[in-house]
Each structure stands twice: as C-alpha cells, then as structure tokens.
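Letter by letter, the chains look like this.
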Amino acid sequence: MTDFLPLAPTGASRPPAQDQALREAAAALEAQFLAEMLKSAGVGTTPEAFGGGAGGEQFASFLRDEQARAMARHGGIGLAESLFQAMVRRQGDGG
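Thresholds, definitions, all that
Residues numbered from 1 in each chain as written. Predicted model: local features only at pLDDT ≥ 70, side-chain atom pairs only at ≥ 80, totals over all residues. Heavy atoms only, no water. Helix = DSSP H or I, 4+ residues; strand = E, 2+ residues; numbered from the N terminus. Buried < 20%, exposed > 50% of the residue type's maximum accessible area, 1.4 Å probe, protein only. Contact = heavy atoms within 4.5 Å. Areas by Shrake-Rupley, 256 points an atom, 1.4 Å probe, with all protein chains shown as cover. Core = buried A, V, L, I, M, F, W, Y, C linked by side-chain atoms within 4.5 Å. Expected span 1.5 Å × (residues − 1). Axes fitted to C-alpha atoms, helices over the stretch in contact; angles between N-to-C directions. Parallel < 35°, antiparallel > 145°, perpendicular 65-115°, else oblique. Left-handed = near helix turned anticlockwise from the far one by under 90°. Salt bridge = Lys/Arg side-chain N within 4 Å of Asp/Glu carboxyl O.

So, about the overall build of the chain. Within the chain one finds three helices and zero strands. Helices (α) and strands (β) of the chain occur, in sequence order from the N terminus, as α-α-α. Here the chain holds 95 residues, and 19% of them are scored as buried. In the chain, once contacts between residues fewer than 6 apart in sequence are set aside, the share between residues at least 24 apart is 85%. Element-wise, carbon and sulfur atoms account for 61% of the exposed surface of the chain, whose accessible area totals about 6,700 Å².

Quick look at the nonpolar core now. If you look at the biggest cluster of nonpolar residues, it comprises five residues: Leu22, Ala26, Ala80, Phe84 and Val88. Within the residue set of this core, elements represented by two or more residues are helix H1 (16-41) and helix H3 (79-92). Not counting the four nearest positions on each side in its chain, Ala26 is found in contact with Ala80, Leu83, Phe84 and Met87.

In an α-helix there are 3.6 residues to a turn, and that puts residues three or four apart on one side. With 26 residues, H1 should cover 38 Å at 1.5 Å per step; its first-to-last C-alpha distance of 37 Å lies within 8% of that length. When we look at burial in H1, the residues that qualify are Gln18, Leu22, Ala26, Glu30, Ala31, Leu34, Ala35 and Leu38. Where H1 ends, the next residue or the one after it, Gly42, has phi of about 90 degrees, a positive value.

A word on the packing of H1 against H3. Packing of H1 against H3 brings their axes to within 8 Å, and their N-to-C directions diverge by 135 degrees. Overall, the two elements H1 and H3 adopt an arrangement that is oblique. Note on packing geometry: the crossing formed by H1 with H3 is right-handed. Where H1 abuts H3, its residues Gln18, Asp19, Leu22, Arg23, Ala26, Ala27, Leu29, Glu30 and Phe33 lie against Leu79, Ala80, Glu81, Leu83, Phe84, Met87, Val88 and Gln91.

Tallying each qualifying case throughout the model produces three salt bridges. The residue Glu66 makes a salt bridge to Arg69 at a minimum N-O spacing of 3.0 Å. Here Glu66 pairs with Arg69, and both are found in helix H2 (residues 53-73), just three residues apart, close to one helical turn. Overall, the relative accessible area of 39% leaves Arg69 in the partly exposed class. Of the charged contacts, one joins Arg73 and Glu66 as a salt bridge, the two residues approaching to 3.4 Å between their closest N and O atoms. Given a relative accessible area of 56%, Arg73 falls into the exposed group. One network of salt bridges, with partners in common, ties together Glu66, Arg69 and Arg73.

Shown next, in the form of structure tokens:
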C-alpha cells in the first residue's frame, strides 16, 4: 500500500521526497511527449530496403523512447520544469 503525502498548505515547504517524485513525474511526461514528437518526425524509421517490418518498428520505438528520455534528462524543451511548477502551484492551492 502506498502512503500519500498530504498537500502542503500555501507557503509551507514540501518534503524533498515529494519534490523529487513531482520532478520525476514531470520528466516522464516530457519524455513521453518528446517520444511522440520524434515518432511524428519519422525518427527511427527504416527504409523497406533494410527489412523494416514489425520487428523493425518495435525496436525503432525503443530507440525513440530512450532518445526522448535522454533528451528530458538533459533539459529537454523545458516542459518538465513547467509541469513541475504547475504541480507545485496546484498543491499550494490546496487541491
């Protein structure tokens, strides 16, 4: 069973573990967004001359996902920080 931390009232400090969890969630959301953007841009697609097929598509998705996670870890496009700040504000508002 997971223990949920109570929402911090406005002006109160949150536990560092809660900030870390929010940052990780924000980074995961940014990575997923970036993976979809990379997919739309055609990153990881292979020409049919190299085999292609279902296996190639599956491994291409692994590549895109890892590239997106690496991009997010190294600052990404700033989406994770914006999401983190929004979640912190939301908690400060009490809900």
